[in-house]
Amino acid sequence: MKISVIMTTYNSPVWLEKVLWGYSCQSEPPLEVIVADDGSGPETAELVARLREETGLDIRHVWQKDDGFRKCRILNKAILQARGDYIVFTDGDCIPRGDFLAVHKRRAEPGYFLSGSYFKLPMSTSEAITRDDIESGRCFDYAWLRANGLKARRKTLKLRASERWAPLLNRLTPTACNLKGSNASAWREDILKVNGFDERMAWGGLDREFGVRLENAGIKPRHVRFDAICIHLDHPRGYADPEIVARNKALRLRVAKEGIVETPQGIRQLTESGYTPEQPPQ
């Protein structure tokens, strides 16, 4: 199995740098890390070039010009560029624990996709995390997080669950196993089977709809909620629009009701339109 990591980003080079450091110290190194960039400026391209040298990772930068929130389109472009047979999806604001990819690899199985979650941090804690904190793994320790701005929380099992208990917690959790784009993985052939992400959808449930179509295609969901761990760096969400969220939900419910497998606006339509990779700004 060869793993391609696809992470989305938009004008957040400080957070993206921390995330890439997280992938540089994985116990199971990826074949490649693809930065799916929805229109960032030259700072992101400069960061990718520098981190490629500093980490030794095969970091590929798939970019499109800024034309509003087009996450699904840049994800489809990144999928087309992926060389691995197994794809892990995440975001450029989610730092993975050192065993993150090892868990996805160990739990992967034909006929399944995996979905996890993240542990959300406040801004003060997000800013406090350094490269050394990531490489040492201390930023995943609850005591360290508490000492660096995290308020007391009850829902800390995602950080505290041991390797022994995580599988049981994954089975017992009442949380539905909906695909979450910040922490999910699937076989590339299954992704192509459903024609990738639906490019009609902006922010709000686009990853969950993708998961519904995978299930409609016979691909079963599997939790990695308590063993594939990542921490989420804080940021504003100026792109949130309740009307778009409602429209996306209506589409997802129709897809579920009608058993739709392929989106009519996905990877195949992208290639048929004559897509060629764009060069990021220098």
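Heads up: the structure comes first, above all this text.
Thresholds applied
Residues numbered from 1 in each chain as written. Predicted model: local features only at pLDDT ≥ 70, side-chain atom pairs only at ≥ 80, totals over all residues. Heavy atoms only, no water. Buried < 20%, exposed > 50% of the residue type's maximum accessible area, 1.4 Å probe, protein only. Helix = DSSP H or I, 4+ residues; strand = E, 2+ residues; numbered from the N terminus. Right-handed = clockwise from strand over helix to strand, strands pointing away. Pairing = 2+ DSSP bridges. Axes fitted to C-alpha atoms, helices over the stretch in contact; angles between N-to-C directions. Contact = heavy atoms within 4.5 Å. Core = buried A, V, L, I, M, F, W, Y, C linked by side-chain atoms within 4.5 Å.

### Considerations on the pairing of strand β3 (residues 59-63)
Next, step 1: Across the five residues of β3, four count as buried, placing the element largely inside the fold.
Next, step 2: Regarding topology, helix α2 (residues 42-55) serves as the crossover connection from strand β2 (residues 32-37) to the parallel β3, and that connection is right-handed.

### Some words on the sheet that holds strand β9 (residues 220-223)
Next, step 1: If you trace the seven strands from one edge of the open sheet to the other, you get β3-β2-β1-β4-β8-β6-β9, paired in mixed fashion. At either end of the open sheet lies a strand with only one pairing partner, and these are β3 and β9. With direction set aside, neighbouring strand axes in the sheet form an average angle of 25°.
Next, step 2: When strand β1 (residues 3-9) meets β2, the two strands line up parallel, connected through six bridges. Of the residues in β2, the one forming a bridge with Thr-9 is Asp-37.

### Considerations on the environment of Ala-256
Next, step 1: Relative to the assigned elements, Ala-256 resides in helix α12 (residues 242-258).
Next, step 2: Residue classification places Ala-256 among the partly exposed positions, given a relative accessible area of 42%.
Next, step 3: Separated by 104 residues in the primary sequence, Ala-256 and Ala-152 place their C-alpha atoms 38 Å from one another.
Next, step 4: Those residues in contact with Ala-256 that lie beyond four places of it in its chain are Val-212 and Asn-216.

### As for the nonpolar core
Next, step 1: Val-5, Met-7, Tyr-23, Ile-95, Ile-129 and Ile-231 are the most contacted members of the largest nonpolar core, which totals 43 residues.
Next, step 2: The biggest single contributor to this core is helix α1 (residues 13-24), with six residues.
Next, step 3: In this structure, Met-7 is in contact with Leu-16, Val-19, Leu-20, Tyr-23, Val-33, Ile-34, Val-35, Ala-36, Thr-90, Asp-91 and Gly-92, ignoring residues within four places of it in sequence.
Next, step 4: One finds Ala-82, Leu-179, Ile-191 and Leu-206 within the second-largest nonpolar core, a separate group that totals 30 residues.

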